[in-house]
Amino acid sequence: MKLKKFHWTRILLAAVIVFFYIPIIYTVVFSFNSTRSLTTFSGFSLRWYEKMFSSSMTMSAIWTTFLVAILATIFSTIIGTITVIGLSKCSKPLRRTVNMVNDLPIMNPEIVTAIGLLMFFATMEISKGFMTMLLAHIAFCVPYVMLSITPRLRTLDPNLADAALDLGANPWQAMWHAIIPQLAPGIFAGALIAFTMSFDDFVISYFVTGNGVQNISILVYTMAKRVNPSINAISTLVIVIITAVLLLINLIPMIRDRAMNRKKEEEEAV
């Protein structure tokens, strides 16, 4: 009975993996199709990649996407980290209130947040464009950064900062050298979530952008109205970049740990 249950579990797991990865493989394969067909593979060709790189509109959208995602990640990570550390020294009622307010953008549907930001920029008479998109991305990324760092901060010794101050550090040094290194895993996870959320966003970006500024999501939306295999080329490029980043994130710690273990073994041998 247990063997049969294990057998069906493996089949279900395989089916889930196939369901998630077949569309990705399909997209990559048809990005090299020689014709416009999205159902029949007629032959290997790089024409859609050439078209993508030769299109100023496509390259501008890719550049805007990465620039907004990187800047939003940097600013939201800094703001979220400082806010979480500051809240740890505040009273419980204030901390509880701020956490409840912080959860609102996460719980709200994106369309509600998008309309709210659109009305805010319109009320403040701010022209829509690159800056409004960046501000909007920072606004909805900060809650995710705080949500990622807060559990890590709760595991720290509350007297850590006081101990650093007693040893002669000023408040900035205590935060930078005593607290930040302990929060590094949470900060890194929050930064990755912020980058992913910004890179992937469509609804909010669509509402707050203007003056010809568009990211990859908006570009793909406009291209999806008609059959355009360049979408496959763009998607494949994104898949390759994300895969490379994930490999680096996983391989660098492994290489560093092996180097440290090798150094430790050499020191012990001496």
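Residues numbered from 1 in each chain as written. Predicted model: local features only at pLDDT ≥ 70, side-chain atom pairs only at ≥ 80, totals over all residues. Heavy atoms only, no water.

Enquirer: Help me out: how do you make sense of the overall build of the chain in this one?
Expert: If you tally the helices and strands in the chain, you get 11 helices and 0 strands. Taken from the N to the C terminus, the helices and strands of the chain come in the order α-α-α-α-α-α-α-α-α-α-α. For 270 residues, the compact-globule estimate of 2.2 N^0.38 gives 18 Å, and the chain exceeds it by more than 25% at 24 Å. When the backbone C-alpha atoms are referred to their principal axes, the chain occupies close to 70 × 65 × 50 Å. Counting all 270 residues of the chain, 33% fall into the buried class. When contacts within the chain are restricted to residue pairs at least 6 apart in sequence, those whose partners lie at least 24 apart make up 68%. Carbon and sulfur atoms make up 70% of the accessible area of the chain, which totals about 17,500 Å². Positive and negative side-chain charges of the chain, numbering 21 and 14 respectively, have mean locations separated by a distance of 12 Å. (Helix = DSSP H or I, 4+ residues; strand = E, 2+ residues; numbered from the N terminus. Rg over C-alpha atoms; globule rule 2.2 N^0.38 Å. Buried < 20%, exposed > 50% of the residue type's maximum accessible area, 1.4 Å probe, protein only. Contact = heavy atoms within 4.5 Å. Areas by Shrake-Rupley, 256 points an atom, 1.4 Å probe, with all protein chains shown as cover. Lys, Arg positive; Asp, Glu negative; His and termini not counted. Charge placed at Lys NZ, Arg CZ, Asp CG, Glu CD.)

Enquirer: Whenever I open this one, the side chain of Thr 65 confuses me. Can you help?
Expert: Looking at the secondary structure, you find Thr 65 in helix H3 (residues 56-87). With residues up to four places along the chain from it excluded, the contact list for Thr 65 reads Phe 199, Asn 215 and Ile 216.

Enquirer: Explain the environment of Phe 199 to me, please; I cannot follow it from the model alone.
Expert: On the secondary structure map, Phe 199 appears in helix H8 (residues 171-200). Taking the C-alpha atoms as reference points, Phe 199 and Ala 72, 127 residues apart in sequence, are found 9.6 Å from one another. Beyond its immediate chain neighbours, meaning those up to four positions away, Phe 199 contacts Thr 65, Phe 66, Ala 69, Ile 216, Ser 217 and Val 238.

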